[in-house]
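For reference, the chains in residue letters:
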Amino acid sequence: MAQYKFAELEGVHNPILERLLTENRNGVIVDLGCNKVPEHLQNKAQLVDRLIGVDNDDEITAAISQMDRPKNFYFVKGDARELPLPDKSVDLLLMLGIYSQVADRNFYIDPKFRAPGFDIPAYMRENKRRLLSEAARVVKPTGAVLVSNSLRKSQIEVTKNEFSEYLNVQEVNVGGSRYIMVCTPK
Ligand SMILES: C[S@@+](CC[C@H](N)C(=O)[O-])C[C@H]1O[C@@H](n2cnc3c(N)ncnc32)[C@H](O)[C@@H]1O
């Protein structure tokens, strides 16, 4: 019986996330697009020795620097499309809720992204491609990538095919309003 309660974005009571965190508890675990919700960070951090969060948002960076965060949580401000991490260095890469939203940190506020002629779908496709390329680069040959997203924002077969270009998709699970996939390097 799971002892931990995972919030919606983590996949509620998600045994797959819990299993992978526990299996990799001594390893290098990176939470891409970690956001700033204390209980989400705590849920993950309590299962492992060390959790490294990466996010590119200024407000999130400021909030994390001020909040009472888990002692084993380390934050790096960085872009998931250009990760400040060496090749083959990560045991478990978490991509919870980031895949459908990965963007420049000013995407939601900078008018240049809304200017006539700016092709948002092409921009988002390119962001996803860069994110996947980085995921494939940084994960160790023995490592894993855990992906979770809302089913509303994504078609599971399309997403699976996109991931398959960069990683081996080992498991696809659908539960409630979310899917969760486990991938390994090619
Ligand atoms: C829906 S939230 C995910 C929340 C968190 N993973 C969770 O499960 O609670 C998406 C996060 O991805 C971050 N993000 C979006 N684009 C990014 C990028 N290019 N680099 C790093 N983080 C990014 C956002 O700032 C936001 O915190």
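Residues numbered from 1 in each chain as written. Predicted model: local features only at pLDDT ≥ 70, side-chain atom pairs only at ≥ 80, totals over all residues.

Draft legend 1. Geometry of helix 4 (residues 120-138). Between its terminal C-alpha atoms helix 4 stretches 27 Å, which fits the 27 Å expected from 19 residues at 1.5 Å a residue. Regarding helix 4, the residues found buried are Lys128, Leu131, Leu132, Glu134, Ala135 and Val138. The buried residues of helix 4 occupy an angular sector of 160° when projected down its axis, which confines them to one face. What points out from helix 4, more than 90 degrees from its buried face, is the exposed set Ala122 and Arg125. Residues of helix 4 that are buried in the fold lie against strand 4 (90-96), strand 5 (139-150), helix 5 (156-164) and strand 6 (167-175). (Helix = DSSP H or I, 4+ residues; strand = E, 2+ residues; numbered from the N terminus. Expected span 1.5 Å × (residues − 1). Buried ≥ 20, exposed ≤ 12 C-beta atoms within 10 Å, placed from the backbone. Arc of directions from axis to C-beta. Contact = placed C-beta atoms within 7 Å.)

Draft legend 2. Inspection of the sheet that holds strand 2 (residues 51-55) at higher detail. On the basis of which strands lie adjacent, the open sheet formed by 7 strands has the order 3-2-1-4-5-7-6 and mixed pairing. The two strands at the open ends of the sheet, each matched to only one other strand, are strand 3 (73-77) and strand 6. Within the sheet, the average angular offset between the axes of one strand and its neighbour, ignoring direction, is 20°. Strand direction decides the pairing type here: strand 5 and strand 7 (residues 178-185), joined by 6 bridges, are antiparallel. Following the sheet pairing, Leu146 is matched in strand 7 by Val182. Against the sheet, helix 2 (residues 38-45) engages strand 1 (29-32), strand 2 and strand 3, with an angle of about 145° to strand 2. Relative to strand 6, helix 5 is tilted by about 160°, and along the sheet it contacts strand 5, strand 6 and strand 7. (Pairing = 2+ DSSP bridges. Axes fitted to C-alpha atoms, helices over the stretch in contact; angles between N-to-C directions.)

Draft legend 3. Region of interest: the environment of Leu146. Tracing the backbone through its elements, the reader meets Leu146 in strand 5. Judged by local crowding, Leu146 falls into the buried class, with 24 C-beta atoms found within 10 Å. Each residue touching Leu146, except ones within four places of it in the same chain, is listed here: Leu17, Leu20, Leu92, Leu94, Met95, Ile180 and Val182.

Draft legend 4. Region of the structure containing the pairing of strand 1. Of the two faces of strand 1, the one holding Ile29 and Asp31 and the one holding Val30 and Leu32 are both buried throughout. Note: strand 1 against strand 4, 4 bridges, orientation parallel. Pairing of Ile29 across the sheet is with Leu92, part of strand 4. One ladder, built from 3 bridges, connects strand 1 with strand 2; its direction is parallel. Bridge pairing in strand 2 links Leu32 to Val54. Crossover handedness for the path strand 1 to helix 2 to strand 2: right-handed. (Right-handed = clockwise from strand over helix to strand, strands pointing away.)

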